[in-house]
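Chain residues, written in single-letter form:
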Amino acid sequence: MNEFERAQAINDLYRTAALNRFYYAARLQRARRWTTASDLIVAAGSSTAIAAWTLWQDNDGRIVWQGIGGAAAIVGVLKPVLGLNDDVQRYGELVTGYTALVFDCETLVRRMRIEGGISAKTWDQYENMIDRMREMGIKDDILANSRLLSRCTEEVNRRIPMNALWWPKEVA
């Protein structure tokens, strides 16, 4: 593998790790919102204090309150089945892992720029990072959200353009 191909491999890892960080940060944010909303529905629907409000005492109010209580019961049963808390935990682990990988890639890119090339130490660290990426990939979504992936790709292209990365002066 020549130096250009090595630089391309390191830069690709950097941009892929950044893409995954953006993607899973968005997935984590959405999963947290759903978890919070479901917790609020269950809490409100099971609250006897809220049920005692005079608002719910007339005929229409009782019907609405029964609907809220029914929704709370359904959400309470479905929440563990849907695995929202598991998603929050998995996405959190992926965001943390990919963020650490991005920071490590930034270090490699900075070192390549300073040294004007790819040292054996830099390449060894890259290979270790590939192993970490593979380990995290086991927890990746099986089917990615293509619209979200496109938005995250645009964000990576905006923040880490290919021409801003280090490339060797001559291809060997």
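The rules behind the values
- Residues numbered from 1 in each chain as written.
- Predicted model: local features only at pLDDT ≥ 70, side-chain atom pairs only at ≥ 80, totals over all residues.
- Heavy atoms only, no water.
- Helix = DSSP H or I, 4+ residues; strand = E, 2+ residues; numbered from the N terminus.
- Expected span 1.5 Å × (residues − 1).
- Buried < 20%, exposed > 50% of the residue type's maximum accessible area, 1.4 Å probe, protein only.
- Arc of directions from axis to C-beta.
- Contact = heavy atoms within 4.5 Å.
- 1 Å grid on protein atoms, 1.4 Å probe; cavity = no way out; pocket = protein on both sides within 12 Å on 5 of 7 lines; lining within 4 Å.
- Points joined across faces, edges and corners; volume = space filled by probe spheres on them.
- Nonpolar A, V, L, I, M, F, W, Y, C, P; charged D, E, K, R; others polar.
- Core = buried A, V, L, I, M, F, W, Y, C linked by side-chain atoms within 4.5 Å.
- Axes fitted to C-alpha atoms, helices over the stretch in contact; angles between N-to-C directions.
- Parallel < 35°, antiparallel > 145°, perpendicular 65-115°, else oblique.
- Left-handed = near helix turned anticlockwise from the far one by under 90°.
- Lys, Arg positive; Asp, Glu negative; His and termini not counted.
- Salt bridge = Lys/Arg side-chain N within 4 Å of Asp/Glu carboxyl O.

Draft legend 1. Expanded view of helix α6 (residues 146-159). For α6, built from 14 residues, the straight-helix expectation of 20 Å at 1.5 Å per residue is met to within 8% by its first-to-last C-alpha distance of 20 Å. Taken residue by residue, α6 has Leu148, Cys152 and Val156 as its buried positions. Taken down its axis, α6 places every buried residue within 80° of arc, on the same side. In α6, the exposed positions that point more than 90 degrees away from the buried face belong to Ser146, Arg147, Arg151, Glu154 and Arg158. Against the buried residues of α6 lie α1 (3-45).

Draft legend 2. Here's a closer look at the environment of Gln8. In this structure, Gln8 sits in helix α1. In sequence terms Gln8 and Trp167 are 159 residues apart; their C-alpha atoms lie 7.8 Å from each other.

Draft legend 3. Region of interest: the layout of surface pockets. When its volume is computed, the largest pocket comes out at roughly 160 Å³. Lining the largest pocket, in full, are Ala26, Arg27, Gln29, Arg30, Arg33, Asn145, Arg147, Leu148 and Arg151. Put simply, the parts of the chain that give the lining of the largest pocket at least two residues each are α1 and α6. Looking at the lining of the largest pocket element by element, the count peaks at five residues for α1. Partitioning the lining of the largest pocket into residue classes produces two nonpolar, two polar and five charged.

Draft legend 4. Region of interest: the nonpolar core. Counting residues in each nonpolar core, the largest one holds 36 residues, and the members touching the most others are Ile10 and Leu101. Contributions of two or more residues to this core are made by α1, α4 (84-115), α5 (120-137) and α6. At 13 residues, α1 tops the list of elements feeding residues into this core. The contacts of Leu101, once residues within four sequence positions are left out, are Leu13, Ala17, Met129, Arg132, Met133 and Met136.

Draft legend 5. Fine view of the packing of α1 against α6. Two elements in contact, α1 and α6, have axes whose closest approach is 9 Å; the angle formed by their N-to-C orientations is 130°. When the axis of α1 is compared with that of α6, the two are oblique. In this structure, α1 meets α6 at a crossing whose hand is right-handed. Between α1 and α6, the residues in contact are Arg15, Ala18, Leu19, Phe22, Tyr23, Ala26 and Arg27 and Leu148, Leu149, Cys152, Thr153, Glu155, Val156, Asn157 and Arg159, respectively. Here the residues of the contact of α1 with α6 are counted per class, giving nine nonpolar, two polar and four charged.

Draft legend 6. Summary view of the side chain of Arg111. The residue Arg111 is located in helix α4 in this model. Buried within the structure, Arg111 lacks any salt-bridge partner; Glu115 is the closest side chain of opposite charge, at an N-O distance of 4.4 Å. Beyond its immediate stretch of four places on either side in the chain, Arg111 contacts Gly116, Gly117, Ser119, Lys121, Thr122 and Gln125.

It is worth stressing that arrangement in space is one thing and function is another; only the former is reported here.
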